[in-house]
Number of protein chains: 4
Amino acid sequence: MQLGMVGLGRMGGNIVRRLLRAGHHCVAFDRDPAPGAALAAEGAQAVADLPAMVAALEAPRAIWVMLPNGAPTEEALATLAGMLSPGDVLIDGGNSMWKDSVRRGAMLREKGLHFLDIGTSGGVWGLERGYALMIGGEDAVVRRLDPIFAALVPGKAAASPTPGYAGDPRAEQGYVHAGPNGAGHFTKMIHNGIEYGMMQAFAEGLDILHHADSPALPEEHRLSLNLPDITESWRRGSVVASWLLDLTAQALAQDPKLESFSGHVSDSGEGRWTVQAAVETAVSAPVLSAALFARFASRDEDRFGAKVLSAQRKGFGGHLEAPKDTTKA
Amino acid sequence: MQLGMVGLGRMGGNIVRRLLRAGHHCVAFDRDPAPGAALAAEGAQAVADLPAMVAALEAPRAIWVMLPNGAPTEEALATLAGMLSPGDVLIDGGNSMWKDSVRRGAMLREKGLHFLDIGTSGGVWGLERGYALMIGGEDAVVRRLDPIFAALVPGKAAASPTPGYAGDPRAEQGYVHAGPNGAGHFTKMIHNGIEYGMMQAFAEGLDILHHADSPALPEEHRLSLNLPDITESWRRGSVVASWLLDLTAQALAQDPKLESFSGHVSDSGEGRWTVQAAVETAVSAPVLSAALFARFASRDEDRFGAKVLSAQRKGFGGHLEAPKDTTKA
Amino acid sequence: MQLGMVGLGRMGGNIVRRLLRAGHHCVAFDRDPAPGAALAAEGAQAVADLPAMVAALEAPRAIWVMLPNGAPTEEALATLAGMLSPGDVLIDGGNSMWKDSVRRGAMLREKGLHFLDIGTSGGVWGLERGYALMIGGEDAVVRRLDPIFAALVPGKAAASPTPGYAGDPRAEQGYVHAGPNGAGHFTKMIHNGIEYGMMQAFAEGLDILHHADSPALPEEHRLSLNLPDITESWRRGSVVASWLLDLTAQALAQDPKLESFSGHVSDSGEGRWTVQAAVETAVSAPVLSAALFARFASRDEDRFGAKVLSAQRKGFGGHLEAPKDTTKA
Amino acid sequence: MQLGMVGLGRMGGNIVRRLLRAGHHCVAFDRDPAPGAALAAEGAQAVADLPAMVAALEAPRAIWVMLPNGAPTEEALATLAGMLSPGDVLIDGGNSMWKDSVRRGAMLREKGLHFLDIGTSGGVWGLERGYALMIGGEDAVVRRLDPIFAALVPGKAAASPTPGYAGDPRAEQGYVHAGPNGAGHFTKMIHNGIEYGMMQAFAEGLDILHHADSPALPEEHRLSLNLPDITESWRRGSVVASWLLDLTAQALAQDPKLESFSGHVSDSGEGRWTVQAAVETAVSAPVLSAALFARFASRDEDRFGAKVLSAQRKGFGGHLEAPKDTTKA
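Remember, predicted model here, so these are calculated numbers, not experimental data.

Chemist: How should I be thinking about the sheet that holds strand β4 (residues 62-65) of chain D in this particular structure?
Modeler: Two orientations exist for strands paired in a sheet by backbone hydrogen bonds: parallel and antiparallel. As summarised here, the arrangement of the eight strands in space is β3-β2-β1-β4-β5-β6-β7-β8 (chain D), forming an open sheet in which the pairing is mixed. In this open sheet, the two strands that pair with only one neighbour each are β3 (45-46) and β8 (175-179) of chain D. Relative to β8 of chain D, strand β7 (residues 132-136) of chain D runs parallel, the two being bridged by four bridges. Looking across to β8 of chain D, one finds that M134 of chain D is bridged to V176 of chain D. Packed onto the sheet, helix α11 (residues 227-234) of chain C meets β7 and β8 of chain D and runs at close to 150 degrees relative to β8 of chain D.

Chemist: Is there a simple way to explain the pairing of strand β1 (residues 2-6) of chain A in this structure?
Modeler: All names here are of chain A. A large share of β1 lies buried, amounting to four of its five residues. Examined bridge by bridge, β1 and strand β2 (residues 25-29) share five bridges and lie parallel to one another. Bridge pairing in β2 links G4 to V27. Here β1 pairs with strand β4 (residues 62-65) via three bridges, running parallel. Paired with G4 across the two strands is I63, which belongs to β4.

Chemist: Whenever I open this one, the relation of the copies chain B and chain A confuses me. Can you help?
Modeler: The pair of chain copies shares a relation made of a rotation about an axis and a shift along it. Mapping chain B onto chain A calls for a screw motion: a turn of 180 degrees about the axis and a shift of 0.0 Å along it, with 0.1 Å RMSD after fitting. Taken together, the rotation angle and the small translation identify this as a two-fold axis. Relative to the rotation axis, the C-alpha of S242 of chain B is the closest in chain B, positioned 1.9 Å from it. Most of the interface of chain B is mirrored in chain A: 100% of its interface residues are interface residues there too.

Chemist: Hey, could you run me through the interface of chain B and chain A in this one?
Modeler: Note on interface size: it is often stated as the accessible area lost on association of the parts. With 95 residues of chain B at the interface, the matching set in chain A holds 95 residues. Between chain B and chain A, the buried area comes to about 7600 Å², and carbon and sulfur atoms account for 70% of it. Among the residues of chain B in contact with chain A, I208, R236 and V239 of chain B are the three that bury the most area, contributing 11% of the side total. Where chain B touches chain A, the interface holds zero salt bridges. Linking chain B with chain A are 34 residue pairs in polar contact (both at pLDDT 80 or more), by the criterion used here. Top element by residues in the side of chain B that touches chain A is helix α10 (residues 183-210) of chain B. It accounts for 18 residues. By residue class, the composition of the side of chain B that touches chain A is 50 nonpolar, 30 polar and 15 charged.

Chemist: Got a minute to help me understand the pairing of strand β7 (residues 132-136) of chain A in this structure?
Modeler: Where a strand is regular, its side chains alternate between the two sheet faces. Among the five residues of β7 of chain A, five are classified as buried, and the element is accordingly described as predominantly covered. Side-chain alternation along β7 of chain A places A132, M134 and G136 of chain A on one buried face and L133 and I135 of chain A on a second face that is also buried.

Chemist: Is there a simple way to explain the nonpolar core in this structure?
Modeler: A general tendency of soluble globular proteins is for nonpolar side chains to be buried together. If you look at the biggest cluster of nonpolar residues, it comprises 236 residues, and the most contacted ones within it are F186 of chain A, F186 of chain B, F186 of chain C together with F186 of chain D. F186 of chain A has contacts with W98 and A277 of chain A together with I208, L209, A212, L223 and L225 of chain B, leaving out every residue within four places of it along the chain.

Chemist: What is the right way to look at the pattern of salt bridges in this model?
Modeler: Between side chains of opposite charge, a pair can form as their charged atoms come close. Within the structure shown, the criterion is met by 68 salt bridges over all chains. With its nearest N and O atoms 2.8 Å apart, the salt bridge here joins R170 of chain A to D168 of chain A. With a relative accessible area of 10%, R170 of chain A lands in the buried category. Where R143 of chain B meets D139 of chain B, a salt bridge forms, and the shortest distance between an N and an O atom there is 3.3 Å.

Chemist: So what exactly am I meant to see when it comes to the packing of aromatic side chains here?
Modeler: Aromatic ring pairs are reported here in terms of the distance separating the ring centres and the angle at which the planes meet. Throughout the structure, instances matching the rule amount to 16 aromatic pairs over all chains. Consider the rings of F293 of chain A and F296 of chain A, whose centres lie 6.0 Å apart with planes at 55 degrees: the pair is tilted. Here F296 of chain A and F293 of chain A lie together in helix α14 (residues 286-298), a separation of three residues that amounts to about one turn. Classification of F293 of chain A by relative accessible area gives buried; the value is 2%. Geometrically, the ring pair formed by W125 of chain B and W243 of chain B is edge-to-face, given 6.2 Å between the ring centres and 90 degrees between the ring planes.

Chemist: How should I be thinking about α14 of chain A in this particular structure?
Modeler: All names here are of chain A. Taking 1.5 Å of rise per residue, the 13 residues of α14 would be expected to cover 18 Å, and the 18 Å separating its terminal C-alpha atoms lies within 8% of that figure. Counting buried residues along α14, 11 of its 13 residues qualify, which places the element largely inside the surrounding structure. Residues P286, V287, L288, S289, A290, A291, L292, F293, R295, F296 and S298 constitute the buried set of α14.

Chemist: Even after reading the chapter, I still don't get the relation of the copies chain D and chain B, so can you show me in this structure?
Modeler: Screw-axis analysis of chain D against chain B gives a translation of 0.0 Å along the axis, an RMSD of 0.0 Å, and a rotation angle of 180 degrees. Both copies contact each other with a shared surface, as 100% of the interface residues of chain D are interface residues in chain B too.

Chemist: Which parts of the structure should I look at to understand the packing of α10 of chain B against helix α15 (residues 304-317) of chain C?
Modeler: Helix packing geometry: the angle between the two helix axes and the distance between the axes. Closest axis-to-axis distance for the α10 of chain B/α15 of chain C pair is 8 Å, and the angle between their directions is 135 degrees. Taken together, the axes of α10 of chain B and α15 of chain C lie oblique to each other. Between α10 of chain B and α15 of chain C lies a crossing of right-handed hand. Between α10 of chain B and α15 of chain C, the residues in contact are E195, M199, Q200, F202, A203, L206, D207 and H210 of chain B and F304, G305, V308, L309, Q312, R313 and F316 of chain C, respectively. Each residue belonging to the contact of α10 of chain B with α15 of chain C can be placed in one class, and the counts come to eight nonpolar, four polar and three charged.

Chemist: Help me understand unusual backbone geometry in this model?
Modeler: Each neighbour pair has its own omega, and for A59 of chain B with P60 of chain B the value is -5 degrees, a cis peptide bond. Residue placement: P60 of chain B occurs in the loop between α3 (50-56) and β4 (62-65). Positive phi values are uncommon outside glycine, yet R303 of chain D reaches one of about 55 degrees. Tracing the backbone through its elements, the reader meets R303 of chain D in the loop between α14 (286-298) and α15 (304-317). Its relative accessible area of 17% is what places R303 of chain D among the buried residues.

Chemist: Looking at this structure, I do not really get the confidence of the model for chain A. What am I missing?
Modeler: Residues shown with low pLDDT carry predicted positions that ought not to be read at fine detail. Residue and element names in this part refer to chain A. Averaged over every residue, the pLDDT of chain A is 95; the share at 70 or more is 97%. Here residues 323-329 is modelled with pLDDT under 50, and outside its nearest four sequence neighbours on either side it reaches 18 contacts, counting other chains as well. Interface confidence for the predicted complex, given as ipTM, is 0.95, next to a pTM of 0.95.

Procedures and definitions
- Think of each chain on its own: its residues are numbered from 1, step by step along the sequence as written.
- All chains are assigned letters beginning at A, and all ligands numbers beginning at 1, according to the order in which they are written.
- Totals for whole chains, interfaces and linings use every residue, but because this is a predicted model, local features are given only for residues with pLDDT of at least 70 and side-chain atom pairs only at 80 or more, for both listing and counting.
- As a rule here, side-chain values cover all heavy atoms of the structure and leave hydrogens and water aside.
- For two strands to count as paired, DSSP must find a minimum of two bridges between them.
- Numbering of helices and strands runs from the N terminus, with a helix taken as a DSSP run of H or I at least four residues long and a strand as a DSSP run of E at least two residues long.
- Any two residues having at least one pair of non-hydrogen atoms within 4.5 Å are treated as being in contact.
- Note on geometry: axes are C-alpha line fits, over the in-contact stretch for helices, and angles between N-to-C directions span 0 to 180 degrees.
- For the exposure calls, accessible area comes from a 1.4 Å probe over protein chains only, and a residue counts as buried if that area is under 20% of its type's maximum, exposed if over 50%, partly exposed in between.
- Each copy is superposed on the other by least squares, with the fit set by C-alpha atoms of residues at a pLDDT of at least 70 in both.
- Buried area adds together the accessible area that both of two parts lose upon being put together, with accessible area traced by a 1.4 Å probe.
- By definition here, a salt bridge exists when the distance from a side-chain nitrogen of Lys or Arg to a carboxyl oxygen of Asp or Glu is within 4 Å.
- Any N or O atom pair separated by 3.5 Å or less is treated as a polar contact, with the protein-specific requirement of one donor-capable and one acceptor-capable atom, and with residues adjacent in sequence counted only for side-chain atom pairs.
- Residues are grouped as follows: Ala, Val, Leu, Ile, Met, Phe, Trp, Tyr, Cys and Pro are nonpolar; Asp, Glu, Lys and Arg are charged; all remaining types, including Gly, are polar.
- By convention a nonpolar core is built from buried Ala, Val, Leu, Ile, Met, Phe, Trp, Tyr and Cys residues, the set being connected through side-chain atoms within 4.5 Å.
- Whether two aromatic rings pair depends on their centres lying within 6.5 Å, for rings of Phe, Tyr and Trp, where Trp uses its six-membered ring; planes under 30 degrees apart make the pair stacked, over 60 edge-to-face, and the rest tilted.
- A helix is expected to reach a length of 1.5 Å times the quantity of its residues less one.
- Oblique is the label for any angle not under 35 degrees, not over 145, and not in the 65 to 115 range, which are roughly parallel, roughly antiparallel and roughly perpendicular in turn.
- Crossings are sorted by hand: turned counterclockwise from the far helix by less than a right angle, the near helix makes the crossing left-handed, and turned clockwise it makes it right-handed.
- pLDDT expresses how confident the predictor is about each individual residue, on a scale running from 0 to 100.

Printed below as a string of structure tokens:
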């Protein structure tokens, strides 16, 4: 099947690769010609600009945009919308805000175009493991592109069957048609929100293990623990067994004290939007928000909030905070 | 190898079964004679009381106590300590507080006995999948009982190798000798603390998905999402893939609205002790504590804290809270 | 000075009253004629509709809209904007979203009108104590209406002077010109966000005091505490002395177990918008979000998130949650 | 009335001063002779050691120990217990753990001595404003020492009467007999836990105000806000009016960007014990714990937990965290 791919970064490039390996025909474009050339050597048809991509595809076309969210995605979709013909499909596989996908779907429908918003999980491992896809859009369009999705997902054998599952068989392959436009990115947003919470749960638990030899503890309670061994052992049979644990064990195996990391943690939009969605739907989400705030705090060189606390403490108690407190060993 | 097992509930009984299947000789005791009789039919030697168990085992003996934490475990260990001979090993495989294990290890050492505190993860699935074991105690004793542990854990094949792992090969089998007495239960405590955080991350994310059709959202943003399909699809290739997700997908496959559950969630000691350990070591653990507090709140029929809020709102704003607010659909 | 007031509820009506007492001339309107009639008896000029209000005021007019946020405020401002003359001032004294105030200010400026967004704190006590005002808008306009504001605020004597304060003397009267349009409601939003956090701090602390006799504690540690006495005593000399404490002590004095309250706590927009502002500016706000989420949870009859936890616990441990757990006494 | 004071630091010294001003007779001791000499110049009787103090007081004696909690308090109480006579009263006015006060009360009762645990709030302002006292112990002993307490507290005039209050009139003076031994320090612990929550609520709200000009916001939404003016204005008529706000406004008046503070915030035992008490009584306390954890995080130079997040992000997404992220302006 034919697919155009706009944006050949880590995600877009590997999606093309996985499709090529499955025998699909990919027309590939990136502002930077290098990744297109590399993919051409693997069988893709690299093009020099968007008009060339449109010309290279037969109607009804399907073009997957895999760009940073915000302006780059907005512009690419708008530009392509002006070049395509009724019946063509535009796909946003990036990490767009779900409300943008609702809006874009409506806008494209007015032009007779179809739109799919696809949340794509898998990261750098997707090429080998396959991608989990969460799709929003019209049912007929999702079914039309089924060969593409079937090639991208990990496939049914990637996990043991769920006893009692009688739902959509595509979910057992690794992808879900979550609903109309917006549903794909909404589902991906929540996926990432959960991911933030799980990551922070590991971060806090391992932080306590790391401090189990704290001089704040009575001497007979201090423990010096081997985190690489512990996390490796949890990978089998434990309740916390997970892909994130696999990655954590791997990182600790290679750098037991994680000294190669700064501890300034970035966040992408989904963690923020998840908290906003919780607020908008009045759902209590203390863990998902705490996970987001821990990232904010990890980057807060300014410490203004903490300075307010210090100022209050000085105000009522005459305490002057030391430049560096050493309570935590 | 010989092992005595005291306490033949869900965990103790299945540990005996898994050992029997591996060819070990198990002497089994429970206050209730029924589970011992059942295990006798599967090859165990059921005994009628603790003296009979001690008599049935050759020195140096190893007796595994698998009882509820607190008084039952304390009493069983004390009673057995009075019957055993120097060189014998007492194992506490339950969910004891790690400081108790430090204390008990010291107490038993004074009598010439050995003590192992073993955190055991695996639940009702351990019989088939194997158990993850986190062990505290003397190295020689842990090595002496290696055939027992090797039979209980899932084994190396249960997960793909971790690239770069060069630690204790036992961890790749599924068990870790975490350190001296206390280290086993400390590690298990943190494991469960992380488990609480991961569970709550899923709970909150799925709660938002469940409310994605909230009338609080503008009509064009409301989404009706199929949670069984979504969670099933995440099991393959996604970042949140985990055993907890497998179980969640299974529960939703069988009861899509989870109507068979009350939503009053119990907690065991480890979640609480994890928060206390964070406090004692000055580690910030907002996610692990939020996960614990969400369980407390789920059972809070009294709502006194919330009533304070209502009283304050009435005080400054004249607001009278409705008996049931319907903002959250 | 002349002022028109649209919306004569608890807040609008008392603002008129306080202005009348200070000798100002108020033209008052409400869809419901009753409150206008009541205010007319106290010296206001009640009018039957908005055109009558506009006719009753001399240019440059100042009209204060005090309506529920969202559609009612939007419509009243739009309608009045169509009736007013260049140089007139429209005031939104309600709890509008600050971004709406930015937008409305720009829209009204295009028509030659002035706009002030005023966050108003004080609730049912404002008539007697005065109102704290947080104002966004053009400096000249704020200064023109100074007599109005000066009459509404508590005045300098309401608190002892702050040593070293050398800022805007109006702040010492109880009002602040926070910045351009939006700044008034932004500041009020944060004020209310802080209020949520303070309220929840009291709620949690008193909840622990309330449970100090919990059977979960060893008998020698159980305490039966008198909350009305404790909160009354804190009102003098303690670090938590505050108006919220005064109100809490009063509520407890009148209903020591707060049995007249349901514990289903509503929330208004500001608490939600505060969390969203934290997310947008990457500020860690765990307390302000936890305070909001505690209110959401207090109304969550559905408990879907908690049911997910129960389902997972059953999945891995065979635990079946009791319909009602009694751990918390 | 006579009182012995052991420990003449900021708190103990000023308590003596306030008692002297009220005409009481104080016998004062500190390891360091300087503060005793200073107090002698103000009318106290300084003594050189504890035996001299015991000799200087008439039976039944009352000796107030005002020392750092933990070993110093434990040792002073034990030493004095060996010197006193039946009927004498020992007072611990420091910030001891409430369970220690339960234990010490029982231990002293066995010797025929009386014990009072008194939580003392007021900090450096107590000398002028008076101290809020939370007292645990026997009723007759509390009543016997009433002249001392009456001299220390702010007195009824320090706050307006609470409508409907019909409880213990001593609470209206500013002190509460909270219950038996332990109740004083338990109540003070919760007081401080609430204090932590209130402080953090202000810290977060002001942090958002501080970042209202963040480049992360669209240009038309950026606000440059004057925090000294805003906090000053809130002191009158607003819902967040409080002593902590007074102190905050004062700090901002003197140092608008709080540049004299490091933002490494210490914590004393009460915040930690409050979280532990919440855990022990199964009360959900997300705000009180988040406030504590924010302090821990403010001092966490190690960032191990955050490094775990970075390592996971690199693992699944190939993200390499920059040494310093600049998302937060």
